[in-house]
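What follows is the residue order along each chain.
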Amino acid sequence: MTLWLNGALVDATAARVAPGDRGFTLGDGLFETIAVRDGMPLRLAAHLARLARGAEVIGLPLPTFDLSAIATALLAANGLTDAVLRLTLTRGEGPRGVLPPETPQPTLLVTAAPMAAPAPPARLMLAQGTRRNEFSPLSGIKSLNYLDNILARQEAHRAGCDDALLLNTQGRLAESTIANLFVQRDGQLLTPPLSEGALPGVMRAEVVARGAVERPLTPDDVATAEEVFLTSSLGLRSVRSFGDRVFSSFAVAERLRTEIP
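From a predicted model like this one, the values you see are computed outputs, not experimental measurements. (Residues numbered from 1 in each chain as written. Predicted model: local features only at pLDDT ≥ 70, side-chain atom pairs only at ≥ 80, totals over all residues. Heavy atoms only, no water.)

A. Summary view of the pattern of salt bridges. All told, the structure shown has 14 salt bridges when counted by the stated rule. In this structure, the salt-bridge partner of R210 is E259, at a minimum N-O distance of 3.7 Å. With a gap of 49 residues between them, R210 in the loop between helix 5 (202–209) and strand 12 (213–214) and E259 in helix 7 (residues 251–259) connect regions that are remote in the sequence. Among the residues examined, R210 registers a relative accessible area of 37% and is labelled partly exposed. A network of salt bridges, in which partner residues are shared, links R43, E206, R210, R255 and E259. (Salt bridge = Lys/Arg side-chain N within 4 Å of Asp/Glu carboxyl O. Helix = DSSP H or I, 4+ residues; strand = E, 2+ residues; numbered from the N terminus. Buried < 20%, exposed > 50% of the residue type's maximum accessible area, 1.4 Å probe, protein only.)

B. The arrangement of unusual backbone geometry in detail. Phi angles above zero are rare outside glycine, and D38 is one such case at about 50°. Note that D38 resides in the loop between strand 3 (29–37) and strand 4 (40–41). Even without being a glycine, R43 presents a positive backbone phi close to 55°. Structurally, R43 can be placed in the loop between strand 4 and helix 2 (44–58).

Structure below.
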């Protein structure tokens, strides 16, 4: 596999990141996952805008780069047309300690992988072992700090589920470990507001623009819904079950898949 590292295409076996890179030692960085269809990265401007917002939040200077050109070179080098790009930006190498260096030299890594086949409808559960802190600035950015999500996903796996929904500190729903949540109830499509700890997903924004309403949600709202689905930058995933509740309607998600590339 060929990847892009700090300004050049590099074979993965030859790629090297400094042992003192703060992304590795402290999770000090950001990432974006970008869908590619027919060689075209989707919603690229939205991803770059979110990356810029995240960089501002953590005080990380953005290096100059042309992601469109990087994507073109990377896809060609790997012989891919339908793919997933992963952009990882760290603060780069730094001395021991938590305080960042005054003049960081960021590390920029972009990888490309084949687009996987669409996943079947998800089996969800409610995470019990961790919660989303809606008051943390990190809840609104794509930070490399993902351990809460990993713990919840491990909990779901042990329970025989595909994903877990995360409560915030108030006991309301934020999102799943990797996706935004949408619920169809009484003819209305609902999703948790960003203030509840939901990530500002690029696909979430597409669905909200098509009439979804932001409203605080509880587990009971999911259990009594007519339809539930998840959104990420890679698309929409219908939900088959939440706990004991089994859903049979996937109509809204199917319609939106035809409307949103």
